[in-house]
Amino acid sequence: MIVEPKIRGFICTTAHPDGCAKHVTDQIALVRSRGPIEGGPKKVLVVGSSTGYGLSSRIAAAFGCGAATMGVFFEKPGDEKRTGTAGWYNSAAFEKEAQAAGLYARSFNGDAFSDEMKQTVIDAIKADLGQVDGVIYSLASPRRTHPKTGEVFKSCLKPIGRSYTNKNLNTSNHVVDEVTIEPASEDDIAQTVAVMGGEDWEMWIDALKEAGVLAEGVTTVAYSYIGPEVTWPIYKDGTIGTAKIDLERAQRALDDKLSELGGKAWVSVNKALVTQASSAIPVVPLYISLLYKVMKAKGTHEDTIEQMDRLFRDRLYGKADPQPDDEGRIRVDDWEMEADVQQAVDEAWRQVDSANLKQLADVEGYESSFLRLFGFGLENVDYSAETDPAIGVPSLS
């Protein structure tokens, strides 16, 4: 079929197999262009490996460190009538490129929150790898079924304590308007923490450790975001921020548990980028559009692959320096949060409206990044040609 983007709200309901493959190979090429990552892990599990930071982490581990990788995700394959999800095509392309490079790659499609998936992965590690020396936790899900109680939790994006009103970019018509979000209830907060907090990360590491499949010196990393004050009511001080506090609680607990293996748990605070998750957060698309304009002009803009390559190359492995902040977090949002960058974004934020939006914000860059998530708008891809939406992920065939 000929595949075109069909956008509904903050998601694209189609994905282009060839475009997703090109997006993956472009990321691989960037990592390779920077040379091998010295001292990197050799057997890596990525939980949430099919899109965004998780996909880029798997690419950095495989093509920067030469690691065997296992990836866990929950994606939908395509068929002759409809396309699969972008994450499915990303994973198919990753495995194809890994095989061509002589790298072990195996994927698992299903509910990463479940005990069954954890056991399936543990059995595979025992059979194929013996142990893993790196575990990346990069799940972003709107809901979670608790594996012990069966209770279904749903996360939400709300402020805490009072309603929040601020500028917002309507990405469908390029209008800068206002959005008001009502405050979260106590149940909203608890449910968001249950989905997006640190409990499942802990459960993964506990299960892997108990099964004896964590190697000496293992490193595990989960991802977070803090951002500028303008986004704090909806992010850092909102329901998501409360979940991220719980993620940091889990990091400290896991750090203690891994100490007997000489291991380490980290939370990495990453840069604001267009991802399937961030696109859904009110206020954030406008902030990202302004930020892109400033950072591209300064020459410090990074996408997910540059961020993950820098995290692996400069902060986590070899002679790297993690440079933790006062709370013990790795900050690869450091270039975003530089004073001159934030001052420029803040000035633009105060001025921006629908009339001057394209002068002050990188709206085209935002939209291009969004479409690339689904395999559209990449160079050297013939979007007028027929493509097969039913391609498979080799290890899942």
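Heads up: the structure comes first, above all this text.
Each residue is numbered by its place in its chain's sequence as written, counting from 1. Confidence filtering applies because this is a predicted model: local features only for residues at pLDDT of at least 70, side-chain atom pairs given and counted only at 80 or more, and all residues used for totals across whole chains, interfaces and linings. The side-chain values count all of the structure's non-hydrogen atoms but skip hydrogen atoms and water molecules.

1. A few points about the pattern of salt bridges
Consideration 1: What makes a salt bridge here is a side-chain nitrogen of Lys or Arg within 4 Å of a carboxyl oxygen of Asp or Glu, nothing more. Across all of its chains, the model carries 28 salt bridges by this definition.
Consideration 2: Asp-79 serves as the salt-bridge partner of Arg-82, at 3.3 Å between the closest nitrogen and oxygen.
Consideration 3: When its relative accessible area of 46% is taken as the criterion, Arg-82 is described as partly exposed.
Consideration 4: Only protein chains enter the accessibility calculation, which uses a 1.4 Å probe; a residue whose area is less than 20% of its type maximum is buried, one above 50% is exposed, and one in between is partly exposed. Given a relative accessible area of 25%, Asp-79 falls into the partly exposed group.
Consideration 5: If you follow the salt bridges from partner to partner, you end up with Glu-202, Asp-206, Asp-246, Arg-249 and Lys-257 in one network.

2. Here we look at the side chain of Thr-239
Consideration 1: The helix count covers DSSP runs of H or I at least four residues long, the strand count covers runs of E at least two residues long, and both are numbered beginning at the N terminus. Its place among the elements puts Thr-239 in helix α7 (residues 239-258).
Consideration 2: Taking the relative accessible area as the measure of exposure, Thr-239 reaches 0% and is therefore buried.
Consideration 3: Contact definition: two residues touch when any of their heavy atoms are within 4.5 Å. Sequence-distant contacts of Thr-239, that is, excluding residues within four places in its chain, are made with Cys-156, Leu-157, Lys-158, Ile-160, Ala-184, Ile-189 and Thr-192.

3. Some thoughts on the environment of Ala-124
Consideration 1: In this structure, Ala-124 sits in helix α4 (residues 115-129).
Consideration 2: Taking relative accessible area as the criterion, Ala-124 reaches 4% and is therefore assigned buried.
Consideration 3: Remark: the alpha-carbon pair of Ala-124 and Glu-386, spanning 262 residues in sequence, is separated by 37 Å.
Consideration 4: Ignoring sequence-local partners within four residues, the contact set of Ala-124 consists of Met-70, Arg-106, Phe-108 and Leu-129.

4. A word on the packing of helix α6 (residues 199-210) against α7
Consideration 1: Running from N to C, α6 and α7 point in directions that differ by 15 degrees, and their axes come no closer than 9 Å. The angle between α6 and α7 places the two elements in the roughly parallel class. In the packing of α6 onto α7, the handedness of the crossing is right-handed. Contacts from Glu-199, Trp-201, Glu-202, Ile-205, Asp-206 and Lys-209 in α6 reach Asp-246, Leu-247, Arg-249, Ala-250, Gln-251, Ala-253, Leu-254, Lys-257 and Leu-258 in α7.
Consideration 2: The residue classification treats Ala, Val, Leu, Ile, Met, Phe, Trp, Tyr, Cys and Pro as nonpolar and Asp, Glu, Lys and Arg as charged. All others, Gly included, are polar. In the contact of α6 with α7, the residues fall into 7 nonpolar, 1 polar and 7 charged. Throughout, an axis means a line fitted to C-alpha atoms (over the contacting stretch in the case of helices), and angles, computed between N-to-C directions, take values from 0 to 180 degrees. Any angle that is under 35 degrees is reported as roughly parallel, and any over 145 degrees as roughly antiparallel; angles of 65 to 115 degrees are reported as roughly perpendicular and all others as oblique. Should the near helix be turned anticlockwise from the far one by less than a right angle, the crossing is left-handed, and should it be turned clockwise, the crossing is right-handed.

5. Thoughts on the pairing of strand β11 (residues 214-224)
When a strand is regular, its side chains alternate between the sheet's two faces.
Consideration 1: Taking burial as the measure, the 11 residues of β11 include 9 buried ones, the bulk of the element.
Consideration 2: Paired strands, in this sense, are two strands between which DSSP finds at least two bridges. Relative to β11, strand β6 (residues 132-137) runs parallel, the two being bridged by 5 bridges. Its bridge partner being in β11, Val-135 is matched across the sheet by Thr-220.
Consideration 3: Of the pairings in the sheet, the one linking β11 to strand β12 (residues 264-269) comprises 6 bridges and is parallel in character.

6. Observations regarding the pairing of strand β3 (residues 43-47)
Consideration 1: β3 sits mainly inside the fold: 4 of its 5 residues count as buried.
Consideration 2: Direction of pairing for β3 relative to strand β4 (residues 68-73): parallel, over a ladder of 5 bridges. Pairing of Val-47 across the sheet is with Val-72, part of β4.
Consideration 3: When the strands point away from the viewer, a crossover counts as right-handed if the path from the first strand over the helix to the second runs clockwise. Following the chain from β3 across helix α2 (residues 52-65) to the adjacent parallel β4, one finds a crossover that is right-handed.
Consideration 4: Pairing of β3 with β6, which is carried by 4 bridges, proceeds in the parallel orientation. Each residue of the ladder has a partner; that of Val-47, found in β6, is Tyr-137.

7. Overview of α2
Consideration 1: Expected helix span is given by 1.5 Å per residue-to-residue step, counting one fewer step than there are residues. In a regular helix each residue adds 1.5 Å, so 14 residues correspond to 20 Å; α2 covers 19 Å between its end C-alpha atoms and thus fits that length.
Consideration 2: Across the 14 residues that make up α2, a large majority, 14, are buried.
Consideration 3: Downstream of α2 by one or two residues, Gly-66 has phi in the positive range, about 70 degrees.

8. Describing the side chain of Asp-246
Consideration 1: Among the secondary structure elements, Asp-246 is positioned in helix α7.
Consideration 2: With relative accessibility at 17%, the residue Asp-246 sits in the buried group.
Consideration 3: Distance and chemistry together define a polar contact, namely a pair of N or O atoms within 3.5 Å, with one atom able to donate a hydrogen and the other to accept it when in protein, and with adjacent residues in sequence counting only for side-chain atoms on both sides. Among the polar contacts listed, one links the side chain of Asp-246 to the backbone nitrogen of Gly-198, at a separation of 2.8 Å.
Consideration 4: With residues up to four places along the chain from it excluded, the contact list for Asp-246 reads Val-193, Gly-197, Gly-198 and Glu-199.

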